[in-house]
Amino acid sequence: HLIQVDSVQRWMEDLKLMTDCECMCILQSKPISIEKDEQNELMLSSQYSTCDNLQLLLKRAWIISTELTRIAQKLEKNRWQRVHSMTVRVNCHVRSMINEYNTFTRNSSEEMHQFEKLLIDKCSEFTTFTERCIQTEDEEILKSMKSCINETLTTVAQYFGQLIELVLTHEAQNLLRQIELSDSVYVTESAISSLFSLTQEGAHLCRIIAKEGGVVTLFKICRQDCFRCLYPQTLRTLASICCVEEGMHQLEKVDGILCLADILTDNSHSEATHAEAAAVIAQITSPHLTFTQHLSSFLENMEEIVTALVKLCQEASSGEVFLLASAALANITFFDTMACEILLQLNAMKILLAACSDKRLVDTPYSRDQVVTILANMSVLDQCASEIIQGNGIQLLMEMLFEKSSSGSSAEVAACERVQQKSAVTLARLSRDPEVADAAVKLSCIPRLIKLCRSPTERNNSDSVLVACLAALRRLAVMSPDGLEDLDFQQLVKPRLVDSFLLCTNMEESFV
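The protein chain is annotated in an unreviewed UniProt entry as INSC protein of Tyrannus savana.

Structure, rendered in structure tokens:
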């Protein structure tokens, strides 16, 4: 996309964010072109779309925020010349940000205009203070002014934060109003796209959107047949908003779980719609969230949702769809233990194990992480042992103990660690059944577990993998003590688990 943009136009966009104030003053006082058509072509980013304008605003806000932090650091070191020059720059950025915003915004509130004036006045006052500081060398005067400057800096930061909050709230309101009032698919799609872009800017913006009724508005779209083509995009935006507690509360209030269940169980919807609905389920049941306990309506619809997700796993046409469906199932097995019994009744173990042999569906450590999470949580049920043996599951768990990252990225390495850890946990749980333990021994699981315990590089120095492997090894050693050498028994099995753990974490590898 960047390559296709005209280079001069690109330079002018960057110039708005990177120029010194003197250059900016000169550029602002001279026309770019005398011909109207050419001038329109060279208009800066503030003339593009709401989404582009907000991105520009957020970029400018980030620069101002960073500069204010740096001013505080320089002030601490009494670097008065730098403090002044940076204050002038912040002053310039603030004025430019306000001018830019006022060129594209609609119906600015009186409160917003008041904060704009307060901020500009306080920035001017700030610049005047710092200018006085560079004109004096008297240490006592500078010392007395320092506290005053600190106070002014704090006030500038406070006004700036409040103004940005008002601006973002105003823009969220505009987008939501646009979605609610429009009958046009094109206009609604554009507004939802802009809203989704806002959600990608972090949890704070998701909270603002949720507080302004974003979840309610988006679920209204998901209940109108005329907007069916927008369901995937709408659900993707909902998943982003529901990463915050305010979004979850709104979802519960508007019976969002029931709506998601209806979408998942309706075969007339596209696979893309089903996949995005699964993504929302995965988000709201995430075990990492601390505020999911109030989702009482989820239990009422759980059987329908789990059944639809298993079907989506079975019929998935791509790895991405399978990942979303299996992630939702994995999270649900943490959410409530009854889910494991439902999965057992639906023959889900067989479906998931079969999918793992299909490289088109399970092609990354992330997908295998979801599958092995489900297996680990289901393995607490006694009936799972026979199911996993019939589906060649022990062989799969053995292969997962060898999981390695191909890209070396931190996210993929972490996923590989989770796969190794959970496969070892699953083996430990299932090995209470003699038949499973026997199958694991025959597939040489014991030597692999010993290798993972003794070689930090094999487990990427992961302590969680080490603990899981020690636990699995001890369970298998009870069932098949002949598989261990005396040294392994003395160091990895016989001592207390914590002693074996300490021994392995302190072990130095020899490269001689």
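Still more ground to cover, so stick around.
So, about the nonpolar core. Generally speaking, a soluble globular protein has its nonpolar side chains buried in company with each other. In terms of nonpolar packing, the biggest core is built from 149 residues, with Phe219, Ile281, Ile284, Ile305, Leu309, Phe322 and Ile332 touching the most fellow members. It is helix α7 (residues 139-181) that provides the largest number of residues to this core, a total of 16 residues.

What the rule picks out here adds up to 17 salt bridges. The residue Lys122 makes a salt bridge to Glu125 at a minimum N-O spacing of 3.4 Å. With Lys122 and Glu125 both in helix α6 (residues 110-134), this residue pair falls three residues apart, about one helical turn. When its relative accessible area of 18% is taken as the criterion, Lys122 is described as buried. Between Asp438 and Lys442 there is a salt bridge; the shortest N-O distance is 3.2 Å. Within this pair, Asp438 and its partner Lys442 are both found in helix α23 (residues 434-442), separated by four residues, close to a single helical turn. Residue class for Lys442 comes out exposed when judged on its relative accessible area of 65%. Residues joined by salt bridges that share partners form a network here, namely Glu67, Arg70 and Arg89.

What follows concerns the environment of Thr66. As for its placement among the helices and strands, Thr66 is situated in helix α4 (residues 50-76). Separated by 24 residues in the primary sequence, Thr66 and Val90 place their C-alpha atoms 9.7 Å from one another. Separated by 2.8 Å, the side chain of Thr66 and the backbone oxygen of Trp62 make a polar contact.

Turning next to the environment of Leu309. Examined against the element boundaries, Leu309 turns out to sit in helix α15 (residues 296-315). Accessibility expressed as a relative area gives 0% for Leu309, which makes it buried. Each C-alpha atom of the pair Leu309 and Leu264 lies 7.6 Å from the other, and the pair is 45 residues apart in sequence.

Counting across every chain of the model gives two aromatic pairs. Geometrically, the ring pair formed by Phe115 and Tyr159 is edge-to-face, given 6.2 Å between the ring centres and 70° between the ring planes. With Phe115 in helix α6 and Tyr159 in helix α7, this pair connects stretches of sequence that are 44 residues apart. Accessibility assignment for this pair places Phe115 and Tyr159 in one class, buried. With a centroid separation of 5.0 Å and 75° between ring planes, the pair formed by Phe298 and Phe335 is classed as edge-to-face. Of this pair, Phe298 sits in helix α15 while Phe335 sits in helix α16 (residues 319-335), and the two are 37 residues apart along the sequence. Judged by relative accessible area, Phe298 falls into the buried class, the value being 0%. Assessed through its relative accessible area of 22%, Phe335 is described here as partly exposed. We note Arg448 situated over the ring of Phe402; from NZ or CZ to the ring centre the distance is 4.1 Å.

Looking only at helix α9 (residues 203-211), the buried set comprises Leu205, Cys206, Ile208, Ile209 and Ala210. Of the residues one or two after α9, Gly213 is the one with positive phi, at around 90°.

Right, let's talk about the confidence of the model for the protein chain for a bit. Atom-level detail of predicted coordinates should not be read off regions where pLDDT is low. Summarising the model, the protein chain shows a mean pLDDT of 82, and 86% of its residues fall at 70 or more. Mean pLDDT in the protein chain bottoms out at helix α3 (residues 36-41), which sits at 36, and peaks at helix α11 (residues 231-241), which reaches 95. Predicted confidence for residues 508-512 stays below pLDDT 50, and this span has three contacts to residues more than four positions away or in other chains.

Let us now look at helix α27 (residues 497-505). Turning to α27, its buried residues are Ser500, Phe501 and Cys504. The arc enclosing the buried residues of α27, seen along the axis, measures out at 100°, which places them on a common side.

A negative phi holds for most residues other than glycine; trans holds for most peptide bonds. Even without being glycine, Asn347 reaches a positive phi, approximately 60°. With respect to the secondary-structure elements, Asn347 resides in the loop between α17 (338-345) and α18 (348-356). Although it is not a glycine, Asn461 adopts a positive phi angle of roughly 60°. Looking at Asn461, the relative accessible area reads 56%, which means it is exposed.

Attention shifts here to the packing of helix α10 (residues 214-221) against helix α12 (residues 245-253). Angle between the axes and distance between the axes: these two values describe a pair of packed helices. Contact geometry for α10 and α12: axes closest at 8 Å, N-to-C directions at 45°. By the angle between their axes, α10 is oblique relative to α12. Handedness of the α10/α12 crossing: right-handed. Of the residues in α12, those in contact with Val215, Val216 and Phe219 of α10 are Gly247, Gln250 and Leu251. Class assignment of the residues belonging to the contact of α10 with α12 gives a composition of four nonpolar, two polar and no charged.

Criteria and cut-off values
- Residues numbered from 1 in each chain as written.
- Predicted model: local features only at pLDDT ≥ 70, side-chain atom pairs only at ≥ 80, totals over all residues.
- Heavy atoms only, no water.
- Core = buried A, V, L, I, M, F, W, Y, C linked by side-chain atoms within 4.5 Å.
- Buried < 20%, exposed > 50% of the residue type's maximum accessible area, 1.4 Å probe, protein only.
- Helix = DSSP H or I, 4+ residues; strand = E, 2+ residues; numbered from the N terminus.
- Salt bridge = Lys/Arg side-chain N within 4 Å of Asp/Glu carboxyl O.
- Polar contact = N/O pair within 3.5 Å; in protein donor to acceptor, adjacent residues only side chain to side chain.
- Phe/Tyr/Trp six-rings, centres within 6.5 Å; stacked < 30°, edge-to-face > 60°.
- Lys NZ or Arg CZ within 6 Å of the ring centre and 35° of its normal.
- pLDDT = per-residue confidence, 0-100.
- Contact = heavy atoms within 4.5 Å.
- Arc of directions from axis to C-beta.
- Axes fitted to C-alpha atoms, helices over the stretch in contact; angles between N-to-C directions.
- Parallel < 35°, antiparallel > 145°, perpendicular 65-115°, else oblique.
- Left-handed = near helix turned anticlockwise from the far one by under 90°.
- Nonpolar A, V, L, I, M, F, W, Y, C, P; charged D, E, K, R; others polar.

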